[in-house]
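Descriptive analysis of the structure
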Amino acid sequence: MNSFVINILEQGFIFGIMVLGVYITYKILDFPDLSVEGSFPLGASICAKLLVMGVNPIIATLAALVAGLLGGAITAFLHVKLKITNLLSGILVMIGLYSINLRIMGKANIPLFSQNSVFDIKVPKLVIIMIIAISVKYMLDIFLNTKFGFLIRATGDNPKLVTSLGIDIGLTKFAALMVSNGLVALSGALVCQYQRFSDAGMGTGIIVMGLASIIFGESIFKKVKLINLTTMALLGSILYKTSVALALKLGFPPTDLKLITALIVALMLGLNNKKMTFKFKTFTIGGRQNAVGTKSL
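This structure is a prediction, so every number in the text was calculated from the model and none was measured. (Residues numbered from 1 in each chain as written. Predicted model: local features only at pLDDT ≥ 70, side-chain atom pairs only at ≥ 80, totals over all residues. Heavy atoms only, no water.)

Description of the overall build of the chain
For the chain, the helix and strand inventory stands at 11 helices and 6 strands. Oriented by its inertia axes, the alpha-carbon framework of the chain measures out at about 85 × 55 × 35 Å. If you average the places of the 26 positive and of the 11 negative side-chain charges in the chain, the two averages end up 7 Å apart. (Helix = DSSP H or I, 4+ residues; strand = E, 2+ residues; numbered from the N terminus. Lys, Arg positive; Asp, Glu negative; His and termini not counted. Charge placed at Lys NZ, Arg CZ, Asp CG, Glu CD.)

Here is the structure:
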C-alpha cells in the first residue's frame, strides 16, 4: 500500500479515538467541552513522562487514560456542583491543564526517540492502530446501548424529562465527560508515541479537528443506513486527514492548516443544512417577464 495512504489511515484512526470522545459531548450530551484541548496533551505528557522513566508503554498509556477520566471529572464538578456554565467550565479546565502539563513534563516538550512504545512489536503500525481504534469504537457502542448509555442520550436530548423521572442528570454528565476526556487523553498518549514526542501545545485546535471530523462524517455518510454515528465519526476523521494531506500535497504551506480546517468546517456545515434556500429576482428576456421566486433544495 502506498505510504501516503498508510499515513492518512494511521493518523485518521489514531485521531479518530479523540473524535469519538468529542462526539460524546458534542453530539450526545450537547455539551461544548473545551477541556479536551487540555486533556489531549495531558494524556501525551503523562505517557511521555512515564516512558522516559522506563515504565511499560501499555501501563503508561492506561495511566494517560485514567488522567483523562480525572480531567473530565473536574469539568463535570465545576459545572454540576459549582453551577458554572458548561462552556466556562471547559475553558477553566483547559487553562489549568496547560500549567499542569508543563509541571508534569518539566519543560515544554519531551522527545521519545529511544523509548519503547506500544508500536514496537513485529506487527505493522497501521494494524495496531486500527485494532485499538475499532475496539474503542465497539466498546463505546456497547456502553451507549446500555441503560445508563440511554440515560446519557436522554440527558442531552431532554434533560427535563430525565429529571422528571427522578434521575440525577449530574451523574450522567459526570460519566459522559469522564469517558469523553478519557478517550481524548488516550488518543493523546497514542499520538505522542506515534510522533515520538510530547508537546504542551499539541492540544491547540483539537476541538475544531474533532468537530470538523464529526460534521465531515455525517455530511458524507448520513444517508447510509448501515453506518451508525460512531462509525461516521471515525470515518470522518479519516476524511479530514485526507483533505489536510491533499492540501499539503498540492503545495499549501503547513502554516495554512488552521485556515484549511476552518474552511472545511464551514463547507461541511453548509452542506449539512437540510434546506438551502436561494432567491432570484424577476428578470425580462425578449419582452417576456420571467419571475422566479424562492427555491428550496
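A closer look at the environment of G38
Here G38 shows up in helix α2 (residues 36-52). Contact partners of G38, with chain neighbours within four places excluded, come to M94, L97 and N101. (Contact = heavy atoms within 4.5 Å.)

Quick notes on the side chain of N101
Counting through the fold element by element, N101 comes out in helix α4 (residues 86-105). Contacts of N101, omitting those with residues within four sequence positions, involve G38, P41, L42 and S45.

Description of the packing of helix α3 (residues 57-81) against α4
The contact between α3 and α4 brings their axes to 9 Å, and the two run at 140°. Between α3 and α4, the crossing angle belongs to the class labelled oblique. Here the hand of the crossing between α3 and α4 comes out right-handed. Of the residues in α4, those touching α3 at G71, I74, T75, L78 and H79 are N86, S89, G90, L92 and V93. Each residue belonging to the contact of α3 with α4 can be placed in one class, and the counts come to 4 nonpolar, 6 polar and no charged. (Axes fitted to C-alpha atoms, helices over the stretch in contact; angles between N-to-C directions. Parallel < 35°, antiparallel > 145°, perpendicular 65-115°, else oblique. Left-handed = near helix turned anticlockwise from the far one by under 90°. Nonpolar A, V, L, I, M, F, W, Y, C, P; charged D, E, K, R; others polar.)

Concerning the packing of aromatic side chains
Using the criterion set out here, one finds 3 aromatic pairs in the structure. Between the aromatic rings of F15 and F40, the centroid separation amounts to 6.0 Å while the plane-to-plane angle is 15°, which identifies the pairing as stacked. Of this pair, F15 sits in helix α1 (residues 3-28) while F40 is found in helix α2, placing the two residues 25 residues apart along the sequence. As far as the burial class goes, F15 and F40 line up, both buried. Each ring, one from F143 and one from F148, has its centre 6.5 Å from the other, and the planes form 50°; the classification is tilted. On the basis of relative accessible area, F148 is assigned to the partly exposed category, the value being 27%. Directly above the aromatic system of Y138 lies the positively charged group of K137, at a separation of 5.0 Å from the ring centroid. Directly above the ring of F15 sits K241, whose terminal nitrogen or CZ lies 4.1 Å from the centroid. (Phe/Tyr/Trp six-rings, centres within 6.5 Å; stacked < 30°, edge-to-face > 60°. Buried < 20%, exposed > 50% of the residue type's maximum accessible area, 1.4 Å probe, protein only. Lys NZ or Arg CZ within 6 Å of the ring centre and 35° of its normal.)

What to know about the packing of α2 against α4
As a packed pair, α2 and α4 sit with axes 9 Å apart at the nearest point and diverge in direction by 10°. Overall, the two elements α2 and α4 adopt an arrangement that is roughly parallel. In this structure, α2 uses E37, G38, S39, P41, L42, S45, I46 and K49 to contact α4, whose residues at the interface are M94, L97, N101, I104 and M105. Class assignment for the residues of the contact of α2 with α4 results in 7 nonpolar, 4 polar and 2 charged.

Some words on the nonpolar core
Generally speaking, soluble globular proteins have nonpolar side chains that are buried together. Core analysis: the biggest nonpolar cluster contains 75 residues, and I14, F15, M18, F40 and F119 have the highest contact counts within it. Setting aside residues no more than four positions away along its own chain, F119 makes contact with I14, K125, I128, I129, L190, Q193 and Y194. (Core = buried A, V, L, I, M, F, W, Y, C linked by side-chain atoms within 4.5 Å.)

Re the confidence of the model for the chain
Averaged over all residues, the pLDDT of the chain equals 88, while 91% of them reach at least 70. Ranking the helices and strands of the chain by mean pLDDT puts α3 first, with 97, and strand β6 (residues 294-296) last, with 43. This stretch, residues 275-285, has a pLDDT under 50; its non-local contacts, to residues over four places away or in other chains, come to 27 contacts. For residues 291-297, every residue scores under 50 in pLDDT, and the model assigns this stretch 19 contacts once sequence neighbours within four places are set aside. (pLDDT = per-residue confidence, 0-100.)

Concerning a nonpolar patch on the surface
On the surface, I121, V123, V127 and I131 cluster together to form a nonpolar patch covering roughly 320 Å² of accessible area. Look at V127 and you get partly exposed, because its relative accessible area is 35%. (Patch = residues over 30% accessible without salt bridge, like charges linked within 9 Å, V, L, I, M, F, W, Y side chains within 5 Å. Areas by Shrake-Rupley, 256 points an atom, 1.4 Å probe, with all protein chains shown as cover. Salt bridge = Lys/Arg side-chain N within 4 Å of Asp/Glu carboxyl O.)

So, the state of the cysteines
Enumeration over the complete set of coordinates arrives at 0 disulfides. As a non-bridged cysteine, C47 has C192 as the owner of its nearest cysteine sulfur, 4.0 Å distant. Its relative accessible area of 0% is what places C47 among the buried residues. (Disulfide = S-S within 2.5 Å.)

Some remarks on α4
Between the first and last C-alpha of α4 there are 28 Å, a value that for 20 residues agrees with the 28 Å anticipated at 1.5 Å per step. Turning to α4, its buried residues number three or more, namely S89, G90, V93, L97, N101 and M105. Downstream of α4 by one or two residues, G106 has phi in the positive range, about 80°. (Expected span 1.5 Å × (residues − 1).)

Quick look at the layout of surface pockets
A volume near 610 Å³ is recorded for the largest pocket. Forming the walls of the largest pocket are 26 residues, and the residues nearest its centre are F15, Q195, M209, K241 and L257. Of all the secondary structure elements, the ones that give two or more residues to the lining of the largest pocket are α1, α8 (169-195), β2 (197-199), α9 (206-221), α10 (229-249) and α11 (257-272). By residue class, the composition of the lining of the largest pocket is 16 nonpolar, 7 polar and 3 charged. (1 Å grid on protein atoms, 1.4 Å probe; cavity = no way out; pocket = protein on both sides within 12 Å on 5 of 7 lines; lining within 4 Å. Points joined across faces, edges and corners; volume = space filled by probe spheres on them.)

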